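Understanding the architecture of this molecule
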Amino acid sequence: MIQSIFNQFEHNSQYTSHQVLEAGHINDTYLIKTKTKPFYVLQRINHHVFPNVPELIENKVNTTNFLRKKYSKEDGSRKVLTFISTKNQKYFHQDNNGYYWNLMIYLDQTQSFENILNSKIAYEGGKLFGDFLDKTSTFDHTKLHIVIPKFHNLKHRLNQFEDAITNGKPTRIKQAKPWIKIIYSEKNDILKLQTLKESGAIPLRLTHNDTKISNVLFDLQGNGLCVIDLDTIMPGIIHYDFGDAIRTMCNTAKEDEKDISKVYLNLDYFKAFVKGFSEKTKGNITQTEIETLVLGAKYITMIQGVRILTDYLNGDIYYKTEYENHNLVRAKNQLRFLQQLNTLTDELNEIVNQFYRTVKK
Ligand code: GN1
Ligand code: MG
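All values reported here derive from a predicted model rather than from experimental measurement.

1. A look at the coordination of the magnesium ion (ligand 2)
- Those donors, Asp210 (OD) and Asp229 (OD), are the protein atoms that reach the magnesium ion (ligand 2), and they lie 1.9 to 2.0 Å from it. Of this pair, Asp210 sits in the loop between strand E8 (205-207) and strand E9 (216-219) while Asp229 sits in the loop between strand E10 (224-227) and strand E11 (234-236), and the two are 19 residues apart along the sequence.
- Under the relative-accessibility criterion, Asp229 is labelled partly exposed at 23%.

See below:
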């Protein structure tokens, strides 16, 4: 089946084999091996999560075409994803079961991480996500489709959370009580970012919206190469991308580490990330944005905790899970990281201010 789907796309390659790539909690992803390189990445998009897949793919193709023009031809093929069209000149194939597929060129000689290994990787990650935002800052975000309405809207996510507390699984609600409490006690401070956004004090721009560490490809020397997983590109605020990167790059533990006492915010990684991010975004960021970046990290960490815990209470209907309490483990991890952000707020703000002061000179 995979082979015949692969052959719906316009390429001259001969399929030899495929393997499942463990990539993400939503879609199904396969590496397609061919007789001669390139290899490809074939992806089945989850249309329960993404209601309009053709629009999602249009966002990805338009963004990558826009980005590629900012590079030389050679760099453009390694630093930006390349989507392949079907023989019908569309960028997606819909199979007989109604599933949507898209195909990209596989970037070889690359590596990705679930956890940061050293500050150099954090610095490279900061530069890469900063550069992505900088290079797309002139993209007209009003031309983007909203692939998941209210995706990073905390008020909306809290409403869904409250529904789950009312209608979810009673044993799970009981089990999650301490974590539900943390969400209630922290939410008002964090909602201030949404109020600022809604007042127009923070500009909208093209954002990636899923800037977790595993969505960066590094070359074999550890240099940041390419931002991947472009499914959630939509208009947003810089905080979303800064925040999700900090949430995953500065956490000393994996997103689903069971022992939450291992969850710490590594300040060296934070500094290194902000250094790289500020170098690339300095020309394109307002004072209000700088002053609220740390709040952005809390906002995204909170929203992830809320979404994951909501799914846990609802019986694991959204995220792929591998064992009974997987979502609870993930949610605890997020809320513990939020506590770390709270404890270190002053230091983190000082670091952000310092780097932007330095780069602004
Ligand atoms: C989901 O599927 P994946 O891993 O790329 C989720 C993100 C979360 C992430 C948490 C569409 O992304 O919002 O940050 O899991 N994507 C969607 O790891 O909900
Ligand atoms: Mg994703």
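Still to come is the rest of the account.
2. Regarding the site of ligand 1
- By nearness alone, 17 residues border ligand 1, and Lys212, Asp229, Gln304, Arg307 and Tyr318 come closest of all.
- Tyr318 has a polar side-chain atom sitting 2.5 Å from an oxygen atom of ligand 1.
- Contact with the protein chains covers 96% of the free accessible surface of ligand 1, which is 440 Å².
- Looking at the shell around ligand 1, its residues break down into seven nonpolar, four polar and six charged.
- In this structure, the shell around ligand 1 is formed jointly by two domains, domain 1 (2-108) and domain 2 (119-355), each of which donates at least three residues.

3. Considerations on unusual backbone geometry
- Put simply, Lys37 and Pro38 share a cis peptide bond, and its omega is 15 degrees.
- By secondary structure assignment, the location of Pro38 is in the loop between strand E2 (28-34) and strand E3 (40-45).
- One non-glycine residue, Lys150, lies in the positive phi region at around 60 degrees.
- In the Ramachandran plot, Asp229 falls in the positive-phi region, its phi being about 55 degrees despite a non-glycine side chain.

4. Focus: the sheet that holds strand E7 (residues 110-111)
- If you trace the three strands from one edge of the open sheet to the other, you get E7-E9-E10, paired in antiparallel fashion. One side of each edge strand has no neighbouring strand; the edge strands of this open sheet are E7 and E10.
- In this structure, E9 lies alongside E10, joined through three bridges in antiparallel fashion. Residue pairing in the sheet places Val216 in a bridge with Val227 of E10.

Rules behind the numbers
Per chain, residues are indexed from 1 in the order of the written sequence. By the order in which they are written, chains take letters starting at A while ligands take numbers starting at 1. Local features in a predicted model are, by the rule used here, given only for residues with pLDDT of at least 70; side-chain atom pairs are given and counted only at 80 or more, and totals for whole chains, interfaces and linings are based on all residues. Remark: hydrogens and water are excluded; side-chain values derive from all non-hydrogen atoms of the structure. Note: metal donors comprise N, O and S atoms at 2.8 Å or less from the metal (3.2 Å for Na, K and Ca); water molecules are not included, so apparent gaps in a site are possible. The helix and strand labels rest on DSSP assignments: H or I over at least four residues marks a helix, E over at least two residues marks a strand, and numbering proceeds from the N terminus. Summary of the burial criterion: residues with accessible area below 20% of their type's maximum are buried, those above 50% are exposed, and those between are partly exposed, where the area comes from a 1.4 Å probe applied to protein chains only. The cutoff for a nearby residue is simple: one of its non-hydrogen atoms must lie within 4 Å of the molecule or strand. Polar contact is the term for a pair of N or O atoms within 3.5 Å; when the atoms are in protein, one must be able to donate a hydrogen and the other to accept it, and sequence-neighboring residues count only if both atoms are side-chain atoms. Here the Shrake-Rupley method, with its probe set to 1.4 Å, supplies the accessible areas, and only the displayed protein chains count as covering residues. Polarity classes work like this: nonpolar for Ala, Val, Leu, Ile, Met, Phe, Trp, Tyr, Cys and Pro, charged for Asp, Glu, Lys and Arg, and polar for all others, with Gly in that last group. Boundary definitions for the domains trace back to an automatic or database domain assignment. Strands were regarded as paired on the criterion that DSSP finds at least two bridges between them.

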